[in-house]
Amino acid sequence: MPRLSEVITALDALWPADLAESWDAVGTVCGDPDAEVSRVLFAVDPVQEIADEAVALGAQLLVTHHPLYLRGTTTVAASTFKGRVVHDLIKHDVALHVAHTNADRADPGVSDALAGALDLRVVRPLVPDPADPHGRRGLGRICELDHPVTLAELAGRAAKRLPATAQGFRVAGDPDALIRTVAVSGGSGDSLFDDVRAAGVDAFLTADLRHHPVSEARAQTPLALLDAAHWATEWPWCELAAAQLDEISDRHGWGLRVHVSKTVTDPWTAHAAAPHDSTGAPN
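The present account deals with the structure reproduced in this document. (Residues numbered from 1 in each chain as written. Predicted model: local features only at pLDDT ≥ 70, side-chain atom pairs only at ≥ 80, totals over all residues. Heavy atoms only, no water.)

**Remarks on the pattern of salt bridges**
Rules: By definition, a salt bridge exists where a carboxyl oxygen of Asp or Glu is found within 4 Å of a side-chain nitrogen of Lys or Arg. Think of it this way: any DSSP run of H or I at least four residues long counts as a helix, any run of E at least two long counts as a strand, and we number them from the N terminus.
Enumeration over the complete set of coordinates arrives at 12 salt bridges. A salt bridge links Arg 136 to Asp 107; the shortest N-O distance between them is 2.7 Å. Residue Arg 136 is located in the loop between strand S5 (121-128) and strand S6 (138-150), and its partner Asp 107 is located in the loop between helix H4 (101-105) and helix H5 (110-117); the two are separated by 29 residues in the primary sequence. Between Arg 197 and Asp 194 there is a salt bridge, with the nearest N and O atoms lying 2.6 Å from each other.

Written out as structure tokens, the structure reads:
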């Protein structure tokens, strides 16, 4: 069995820390570099449910996309919910490693996994990494469809292919509009509207879209928008990342057992849709 330090070296080669945004907090949060690793769990969020799952699974390493301590802390006391996660992981010899914006910008990365889940053909990054001479790394992806589909059909495909959440999908645009090109970005994407408009695509699929950026985007262009749950747009990366580690394990003869959590950690738990025959504000 490999040691944790060996597995982390392999993960750092997939998602180098220097690809992360300056504000991000990536890398190993806890874990003994000399500990042996035989089982790994991938998940989006380092929350208590996932820590409990890792312990129950007998994993020695938990890899998450979202950081546990993004803005730093002065305590890991078990009386705090994040401190409890750290305590439980350490108590059961489970290391925690985070790949966040470095996984977003990697090749392949989070948006490649999102495009793959939707059967979209990746053409290039939406925001290329100027340090990549091959032009494959960067934030988001610009994609093409094998044949044009309506916005309604694309939304239906996304709702079917991505994990189900209470939010589902919100759509802005003409349902009958034909879509040939799509920009995708796993996670929060409304900061990328300028890049999406410059790309000249027909639609943009991302998460966490806010009222004002959407209103302004729709006023300036006929761009169609598809807004999914944040967790749902990033979960496909877990499957991609697990497959990448599986390949590395096979190549090195490590025999790792690699798992992907199917626990839904999207924080929204219910959705009350308006009646189909209701329009306008209430009287």
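Now that the structure is up, let's keep going.
**Some words on the nonpolar core**
Rules: Definition used in this section: a nonpolar core is a set of buried Ala, Val, Leu, Ile, Met, Phe, Trp, Tyr and Cys residues joined via side-chain atoms within 4.5 Å. Only protein chains enter the accessibility calculation, which uses a 1.4 Å probe; a residue whose area is less than 20% of its type maximum is buried, one above 50% is exposed, and one in between is partly exposed. When checking whether two residues touch, look at their non-hydrogen atoms; a contact exists if any pair is within 4.5 Å.
Ranked by internal contacts, the top residues of the largest apolar core, which has 32 residues, are Trp 15, Phe 42, Leu 61 and Trp 237. Looking at this core, the elements with two or more residues in it are helix H1 (4-14), strand S2 (39-43), strand S3 (61-64), H5 and helix H9 (230-252). Among the elements that make up this core, the one with the highest residue count is H9 (nine residues). Apart from residues lying up to four places away in sequence, Phe 42 is in contact with Trp 15, Val 63, Trp 237, Cys 238, Ala 241, Ala 242, Leu 245, Val 258, His 259, Val 260 and Ser 261.

**Describing the sheet that holds strand S11 (residues 257-260)**
The cut-off we apply is this: Two strands qualify as a pair provided that DSSP identifies no fewer than 2 bridges between them. Axes, fitted as lines to C-alpha atoms, cover a helix only where it is in contact. Angles between the N-to-C directions of the axes lie from 0 to 180 degrees.
Pairing in this open sheet of five strands is mixed, and the strands run S1-S4-S3-S2-S11 from one edge to the other. Only two strands of the sheet have a single partner each, and these edge strands are strand S1 (27-30) and S11. Neighbour-to-neighbour, the strand axes of the sheet open up by a mean angle of 25°, direction not taken into account. Here S1 runs beside strand S4 (residues 95-98); their pairing, made up of three bridges, is antiparallel. Looking at the pairing, Cys 30 lines up with Leu 96 of S4. Where H1 meets the sheet, it contacts S1, S3 and S4, and its direction lies at approximately 20° from that of S3.

**With respect to the sheet that holds S6**
Spatially, S5-S6-S8-S9-S10-S7 is the arrangement adopted by the six strands of the open sheet, whose pairing is mixed. The sheet terminates laterally at S5 and strand S7 (170-172), the two strands that pair on one side only. Averaged over neighbouring strand pairs, the angle between their axes works out to 25° when direction is ignored. Strand direction decides the pairing type here: S5 and S6, joined by six bridges, are antiparallel. Within S6, the residue paired with Arg 121 across the bridge is Glu 144. Packed onto the sheet, H5 meets S5, S6, strand S8 (178-188) and strand S9 (203-207) and runs at close to 135° relative to S8.

**A short note on the side chain of Asp 88**
Its location among the elements puts Asp 88 in helix H3 (residues 81-91). Every residue in contact with Asp 88, bar those within four places of it in the chain, is listed here: Gln 48, Asp 52 and Val 55.

**Some remarks on the environment of Arg 141**
Inclusion rule: Between N or O atoms, a polar contact is any pair within 3.5 Å; within protein, one atom must be a potential hydrogen donor and the other a potential acceptor, and residues adjacent in sequence are included only when both atoms are from side chains.
Along the chain, the position of Arg 141 falls in strand S6. A relative accessible area of 1% places Arg 141 in the buried class. On a C-alpha basis, the gap between Arg 141 and Thr 101 in space is 14 Å, while along the polypeptide they are 40 residues apart. At 2.8 Å, the side chain of Arg 141 and the backbone oxygen of Gly 138 are in polar contact.

Just geometry here; none of it tells us what the structure is for.
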